[in-house]
Amino acid sequence: MNPESGQVSGGPIRLIILGYGIRGRTYAAYAMAHPGDSKVGGIAEPFGEVPDTVGCRTWKGWREALESDVEADAVVIALPDRLHHDSCIKALERGCHVLLEKPIGCTWEECESIREAQKRAQKLVLTGYVLRYAPFYKTLRTIIASGAIGELTSVHHLAAISYGKSAHAYCRGNWSVEAKGTGMLVNKCTHDFDLIEWWTRSRHCKKVSSFGSLFHWKPENRPAGAADRCMNCPAEVKAGCPFDAYKIYYDRTDLRYHFADESDEAILKMIETSPYGRCVYACGNDSVDHQTVLMEYEGGLTIILEMESYSQQRNRITHFYGTRGEVIADERTIRVMPFLGETKIVEPTQSGHHGGGDTMIMAEFARLVQTASPARYSALLDDVMESHKIAFLAEVSRRTGKTMDVPA
Ligand SMILES: NC(=O)c1ccc[n+]([C@@H]2O[C@H](COP(=O)([O-])OP(=O)(O)OC[C@H]3O[C@@H](n4cnc5c(N)ncnc54)[C@H](O)[C@@H]3O)[C@@H](O)[C@H]2O)c1
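Predicted model only: the values in this text are computed from it and were never measured.

Conventions and cut-offs
- Residues numbered from 1 in each chain as written.
- Predicted model: local features only at pLDDT ≥ 70, side-chain atom pairs only at ≥ 80, totals over all residues.
- Heavy atoms only, no water.
- Core = buried A, V, L, I, M, F, W, Y, C linked by side-chain atoms within 4.5 Å.
- Buried < 20%, exposed > 50% of the residue type's maximum accessible area, 1.4 Å probe, protein only.
- Helix = DSSP H or I, 4+ residues; strand = E, 2+ residues; numbered from the N terminus.
- Domains from an automatic or database assignment.
- Contact = heavy atoms within 4.5 Å.
- Salt bridge = Lys/Arg side-chain N within 4 Å of Asp/Glu carboxyl O.
- Pairing = 2+ DSSP bridges.
- Axes fitted to C-alpha atoms, helices over the stretch in contact; angles between N-to-C directions.
- Phe/Tyr/Trp six-rings, centres within 6.5 Å; stacked < 30°, edge-to-face > 60°.
- Lys NZ or Arg CZ within 6 Å of the ring centre and 35° of its normal.
- Arc of directions from axis to C-beta.
- Polar contact = N/O pair within 3.5 Å; in protein donor to acceptor, adjacent residues only side chain to side chain.
- Near = heavy atom within 4 Å.
- Areas by Shrake-Rupley, 256 points an atom, 1.4 Å probe, with all protein chains shown as cover.

1. Some thoughts on the nonpolar core
No. 1: Leu18, Leu140, Phe193 and Met295 are the most contacted members of the largest nonpolar core, which totals 74 residues.
No. 2: For this core, the leading source of residues is helix H7 (residues 183-200), giving nine residues.
No. 3: The residue makeup of this core includes at least three contributed by each of domain 1 (13-127) and domain 2 (132-216 + 285-357 + 387-405).
No. 4: Setting aside anything within four residues of it in sequence, one finds leucine 18 in contact with Ala44, Trp62, Ala65, Leu66, Val75, Val76, Ile77, Ala78, Leu79 and Ser87.

Right, here's the structure in full:
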């Protein structure tokens with residue numbers, strides 16, 4: 001027994017999962033494959049089916065699940081961003097530890113409110129920054145921290161979303177309208193802000209400014225003759241459109257994991273009936289499709305973060321400049337180029353989604369629930385607050401055109 005958390009060591013942690021979309025399914029699949037460290041006691045999901053093979057209680061809404069008498073040590077929050085705050089507070093008040101998908105909340109005030117609730121409850125709130133747990137990013141951080149390229153002077157970080165993924169999430173999907181969630185920068189790039197904070201660690205970001213807009217997926221760019229849904233679009237217009245839903249979801253298969261049923265038949269039906277079959281120029285979206293963030297850190301370190309929808313590849317490319325060399329990392333290879341000495345290529349082993357981070361965060365969550373202390377719980381949440389602060393201030397800068405001071 002961990003005397004501080006009250007968790008029985010060695011036994012699986014009992015979970016309630018809120019939301020059985022992509023992330024909820026990922027975490028449930030982990031628990032089913034690792035019965036020694038976690039067990040799903042119930043899932044809340046209003047729309048999708050939870051297969052009988054999961055073998056647990058089900059509810060239609062997250063409140064019902066948390067108000068039920070199902071015993072649970074922890075709650076996994078895999079709900080849309082706008083439901084993170086209320087569900088996290090309720091889970092903590094129920095006495096549960098929480099694995100909370102990112103971002104923590106939709107506003108800085110929501111993030112602070114969750115931090116206060118965490119401190120009151122003295123439970124763990126681990127946020128879904130899965131890349132921190134991926135071998136690639138762990139290795140990269142070790143190399144930078146080792147001083148192999150001296151002191152960092154600047155970092156250029158590109159988050160290339162790819163036109164297919166970006167059309168899916170930020171034009172047709174969950175994050176297409178800023179007022180309904182967090183917008184693209186906070187939703188997508190809190191991963192990147194988190195990595196940047198993790199790499200720069202002890203330094204404080206002093207100033208942030210940002211530029212960005214919705215450049216292309218808007219009605220004035222709609223090709224003549226295009227229909228509101230891809231299924232009705234004339235063949236000659238369709239042929240010239242890379243964003244055609246049939247090309248993105250039917251001809252290619254790499255984005256099908258977003259849907260519970262990935263069969264050809266289900267994908268065709270989805271294109272005909274769901275929001276993901278709409279013309280990208282007629283989605284009523286207002287999320288940006290590209291954005292740049294400039295940051296100045298204590299000591300003079302400068303960082304550029306670039307988020308781009310219109311890329312072929314979906315990856316992150318980071319170029320670190322230091323006083324003794326450079327490192328270029330592209331999620332496959334880390335090229336370490338000291339000014340004195342040989343260039344070294346490092347290729348960490350990776351497997352699974354997010355380079356293995358999805359599996360490793362769940363293993364770490366179960367371990368922390370069983371072994372960590374309340375002081376560590378608080379430290380873990382504090383650790384990811386700063387990156388959210390910078391992301392929200394970057395959004396203020398984009399909207400106001402002002403450079404923002406980042407309070408310590
Ligand atoms: N860590 C990561 O890398 C990563 C990747 C993708 C998404 N996310 C985050 O995970 C969260 C979920 O994203 P997703 O891609 O799985 O979205 P999703 O739409 O696939 O899943 C969300 C699910 O919540 C369900 N839901 C909605 N209202 C509900 C309610 N009242 N009660 C219970 N369930 C409800 C929806 O029906 C849906 O199935 C988001 O906050 C997102 O930002 C994190």
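Resuming the write-up.
2. A short note on the domain arrangement of the protein
No. 1: Here the protein is described as being made up of domain 1 (13-127), domain 2 (132-216 + 285-357 + 387-405) and domain 3 (219-277).
No. 2: Of note, the centres of domain 1 and domain 3, computed from C-alpha atoms alone, are 32 Å apart.

3. Considering the pattern of salt bridges
No. 1: Evaluation of the coordinates by the stated rule reveals 24 salt bridges.
No. 2: Across the salt bridge formed by aspartate 192 and arginine 316, the nearest N and O atoms sit 2.6 Å from each other. Placement of the pair is aspartate 192 in helix H7 and arginine 316 in strand E11 (residues 315-322), with a sequence separation of 124 residues.
No. 3: The buried category is assigned to arginine 316, whose relative accessible area is 9%.

4. What to know about the sheet that holds strand E10 (residues 302-308)
The strands making up a sheet are joined through hydrogen bonds of the backbone, oriented either antiparallel or parallel.
No. 1: Taken in spatial order, the nine strands of this open sheet run E14-E13-E12-E11-E7-E10-E9-E8-E15, and their pairing is mixed. Of all strands in the sheet, those bounded by a partner on one side alone are strand E14 (344-346) and strand E15 (404-405).
No. 2: As judged from the five bridges shared by strand E12 (residues 325-329) and strand E13 (residues 334-338), these two strands associate in the antiparallel manner. From the neighbouring strand, glycine 325 faces E13, where its bridge partner is proline 338.
No. 3: Set on the sheet, helix H12 (residues 374-400) makes contact with strand E8 (205-213), strand E9 (290-297) and E15; between it and E8 the angle comes to about 50°.

5. As for the packing of aromatic side chains
No. 1: Enumeration according to the criterion identifies 11 aromatic pairs in this entry.
No. 2: Ring centres of tyrosine 163 and phenylalanine 243 lie 5.9 Å apart, and the angle between their planes is 75°; on these two criteria the pair is classed as edge-to-face. Of this pair, tyrosine 163 sits in helix H6 (residues 163-172) while phenylalanine 243 sits in the loop between helix H8 (235-239) and helix H9 (245-251), and the two are 80 residues apart along the sequence. The burial state of tyrosine 163 is the same as that of phenylalanine 243; both residues are buried.
No. 3: Ring centres 6.1 Å apart and planes at 40° place the aromatic pair tyrosine 170 and tryptophan 175 in the tilted group.
No. 4: Taken together, Phe136, Tyr137, Trp199 and Phe320 form an aromatic cluster joined through their ring pairs.
No. 5: Positioned above the aromatic ring of tyrosine 163 is the side chain of arginine 252, whose terminal nitrogen or guanidinium carbon lies 5.8 Å from the ring centre.

6. Observations concerning helix H10 (residues 264-273)
No. 1: Three or more residues of H10 are buried, namely Ile267, Met270 and Ile271. For H10, the buried positions fall inside an angular range of 100° around the axis, keeping them on one side. Along H10, exposed side chains directed more than 90 degrees from the buried face belong to Glu265, Lys269 and Thr273.
No. 2: If you follow the buried residues of H10, they end up packed against H9.

7. What about the side chain of lysine 102?
No. 1: By the element assignment, lysine 102 lies in the loop between strand E5 (97-100) and helix H4 (108-121).
No. 2: A polar contact of 2.6 Å, which involves the side chain of lysine 102, links it to the backbone oxygen of asparagine 187.
No. 3: Ignoring anything within four residues of it in the chain, the contact list for lysine 102 reads Asp81, His84, Gly128, Tyr129, Asn187, Lys188, Thr190 and His191.

8. Things to note about the site of the ligand
No. 1: Taken together, 26 residues are adjacent to the ligand, and Glu45, Asp81, His84, Lys102 and His191 come closest.
No. 2: Here glycine 21 contributes a backbone N or O atom positioned 3.4 Å from an oxygen atom of the ligand.
No. 3: A distance of 2.9 Å separates an oxygen atom of the ligand from a polar backbone atom of arginine 23.
No. 4: Taking 840 Å² as the accessible area of the ligand by itself, protein coverage stands at 85%.
No. 5: Elements that contribute at least two residues to the shell around the ligand include exactly helix H1 (22-33) and H7.

9. Digging into the pairing of E8
No. 1: Relative to E9, E8 runs antiparallel, the two being bridged by eight bridges. Each bridged residue has a counterpart across the sheet, and for glycine 212 the counterpart in E9 is glutamine 291.
No. 2: Bridge count for E8 against E15 is two bridges, and the pairing is antiparallel. In the strand pairing of E15, valine 208 is matched with methionine 404.

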